[in-house]
Structures are given as structure tokens and as C-alpha cells.
Amino acid sequence: MGDGFIGMLSGIFSKKRKVLITSVNISWKGTSHQLGGIAVKGNSASIDIPFSNHNPENGADLPQMPMERVTGIDVDPPFVLHSVTPAPPTSIGQERIIFRLEVGVPGYSFSGPLNVHFASAKSVSIEINRMTLRPFGKAPETMDDRRIIREERGKEFEFAVRIPAWIDGKQVGSVRISPPFDQKEGGRVPFSMEGSEMRLTLKAPEFNYSGPMEIELDGKKEPEEAGKEKGEKLPP
């Protein structure tokens, strides 16, 4: 009995955590690339990421690629970035270099992707920690929707928002987004909500942002109401 109990304890404590990186997903200037995964032994992993800045063909008539500048590299939790070689900021001309990342892995069994973000001099990080919808003068609704986005500074990007089912089919006259976001001028308004998603074209801020986003919807105004707001004299 004693030997059996000791053997059982030995089996429990001999179990080792397993960390499997199923893929390495790389984000750079709005594009995504993927490398294969690895099984990790120990507390950290070395990841080599090739970075090319030249045309794939060597034709003399092809334009030269502009100098790129990688200002930073980071990884998503539960991983931790310990070091990068060569260390950013790094300027890259017509060449191919390899960034070696030393990444700390979770202290428990894990299977999933490693997300790596390359930042350029123009990129900003946007973390939306709370999204609130104010529809047609009704009470605001806080949506369970958090985002972490990386976009080029001042660049227009598509942004999809899930909407409550009761808004489907409603006429929207205007959409307002809280600062520091700007909606693209000349957006498609008025329009009818269709389905469970609303797509907006927003302009990224000029700086990193972490905070809430508020979206306000107004209904389509009738000609009489619009004329009153402008102070126009309407025909009898």
C-alpha cells in the first residue's frame, strides 16, 4: 500500500507542462504573415523571423523599395518578450535580415498561436476597453466588445460593430464617434441597418490610445424637421 501511494505521488509530480506554439502570426502595417509552430521545452523559446525589404524579382526596371524602419516589436499575452536581436529601432534598406526573439512562455500547459506585432514609425496602438452604443436617443448600451488594434497613424481603416437585434431595419441618419476617432467624410448616410453588423470607415488617431469608444446613432430626419433646424421657412 505504501509503495502504491508513493508511486501515485511520483506520477503526479512527474507530470510536465507542455507548451505548443501552433503558429507564429506576424502583423506589419496592416498585413499578416504566418510561420510554422514549435513545441517548447523549458521556460523560453527562440523565434527567428525573416524580414525582407526588396522586390522578389531582380528586374532592373523595378523600382527600389523605400527604407523601412522597425521601431518596435512586441508579443501578445500570455507570452513575454525578453529580447530582440537586432534590437529596434532598426532601419532596413534593400536587404533581408532575421530578427531573433527570445520569448518567455506560459508557466502552465498551453497550446495556441504566438502573435507578434512589428511597429513602424507611423503605427499607433489602439486599445478599446469599453464600447458604448447610444441608439436613437435611447439609454446607452455597453457592449461586451474589447479590441486591440494596430494601424498606421492617420490611416483610414474598416471597423465592424455588432449591433443589437432590435436595431435591424432601422433608418440611420447620422453616426457620431467619440474622439480621438474620426469618421470618414461623406459616409453612407442615411442608410438602413441590415443584419447584425455595422461597418464604419474610421481614421486612426495620431497617437497611441487606450480607453472607451462611444458610437451615437441618430434616426433619419424628415424634411420638415431638417428645415426647422436650419431655420428655413417651410411652405404651408
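Every chain's residues receive numbers from 1 upward, in the order its sequence appears when written. For this predicted model, a pLDDT threshold of at least 70 governs which residues receive local features, and a threshold of 80 or more governs which side-chain atom pairs are given and counted, while totals over whole chains, interfaces and linings are taken from all residues. Each side-chain value is derived from all of the structure's non-hydrogen atoms; neither hydrogens nor water enter the calculation.

With that settled, the discussion passes to the sheet that holds strand S16 (residues 197-203). Paired strands are those between which DSSP finds at least two bridges. Runs of H or I in DSSP of at least four residues are treated as helices and runs of E of at least two as strands, each being numbered from the N terminus. Sheet architecture is open: three strands sit in the order S12-S16-S14, paired in antiparallel fashion. Two strands in the sheet have a free side with no partner beyond their single neighbour: strand S12 (156-162) and strand S14 (182-183). Relative to S16, S14 runs antiparallel, the two sharing two bridges. When the sheet's bridge partners are listed, Asp182 is paired in S16 with Lys203.

Counting through the fold element by element, Gly104 comes out in strand S7 (residues 96-104). Burial classification: accessible surface area is computed with a 1.4 Å probe over protein chains only, and a residue below 20% of its type maximum counts as buried, one above 50% as exposed, and the rest as partly exposed. For Gly104, a relative accessible area of 7% gives the class buried.

What follows covers the pairing of strand S1 (residues 19-28). Across eight bridges, S1 lies against strand S8 (residues 110-120) in parallel orientation. Opposite Ser27, over in S8, you have His117 as the bridge partner. If you look at the hairpin formed by S1 and strand S2 (residues 31-40), you'll find two residues sitting between the two strands, and Lys29 has a positive phi there, around 50°.

Should a side-chain nitrogen of Lys or Arg be within 4 Å of a carboxyl oxygen of Asp or Glu, the pair is scored as a salt bridge. In total, this model carries six salt bridges according to the counting rule given. Ionic pairing is found between Asp145 and Arg162, a salt bridge with its closest N-O pair at 4.0 Å. Of the two residues, Asp145 is situated in the loop between strand S10 (141-143) and strand S11 (147-152) and Arg162 in strand S12; the sequence distance between them amounts to 17 residues. Its relative accessible area of 6% is what places Asp145 among the buried residues. A salt bridge links Asp218 to Arg176; the nearest nitrogen and oxygen atoms lie 2.7 Å apart. Of this pair, Asp218 sits in strand S17 (residues 209-219) while Arg176 sits in strand S13 (residues 171-177), and the two are 42 residues apart along the sequence. Connected through shared salt-bridge partners, Asp145, Arg147 and Arg162 make up one network.

Residue position: Ser23 is located in strand S1. The class of Ser23 is buried, set by a relative accessible area of 11%. Setting aside anything within four residues of it in sequence, one finds Ser23 in contact with Gln34, Leu35, Gly36, Gly37, Gly112, Pro113 and Leu114. In what follows, a contact means two residues having at least one pair of non-hydrogen atoms within 4.5 Å.

What follows deals with the confidence of the model for the protein chain. Confidence of the predictor at the level of single residues is given by pLDDT, which spans 0 to 100. Per-residue pLDDT for the protein chain has a mean of 78; in total, 75% of the residues score no lower than 70. Every residue in residues 58-64 scores below 50 in pLDDT, and together they form four contacts with partners more than four places removed in sequence or on other chains.

Turning to the sheet that holds S2, a few remarks are in order. Across the sheet, which stays open at both edges, the five strands sit in the order S2-S1-S8-S4-S6 with mixed pairing between neighbours. Both outer strands of the open sheet, S2 and strand S6 (90-92), are each paired with one neighbouring strand and no more. With direction set aside, neighbouring strand axes in the sheet form an average angle of 30°. Sheet analysis places strand S4 (residues 68-75) next to S6, joined by three bridges and oriented antiparallel. If you follow Glu68 over to S6, its bridge partner there is Ile92. Whenever a helix is involved, its axis is fitted only over the stretch in contact; in every case the axis is a line through C-alpha atoms, and angles between N-to-C directions fall within 0 to 180 degrees.

Before going further, it helps to examine the packing of aromatic side chains. Centre distance within 6.5 Å is the pairing criterion for rings of Phe, Tyr and Trp, where only the six-membered ring of Trp is used; planes under 30 degrees apart are then read as stacked, over 60 as edge-to-face, and the remainder as tilted. Within the structure shown, the criterion is met by seven aromatic pairs. Aromatic pair Phe79 and Phe110: ring centres 5.4 Å apart, planes at 90°, arrangement edge-to-face. Placement of Phe79 in the loop between S4 and strand S5 (80-85) and of Phe110 in strand S8 is noted, with a sequence separation of 31 residues between them. An aromatic cluster is built from Trp28, Phe51, Phe99 and Phe118, whose rings are joined through pairwise contacts. Criterion for a charge above a ring: Arg CZ or Lys NZ at most 6 Å from the ring centre, at most 35 degrees from the ring normal. Directly above the aromatic system of Phe159 lies the positively charged group of Arg147, at a separation of 4.5 Å from the ring centroid.

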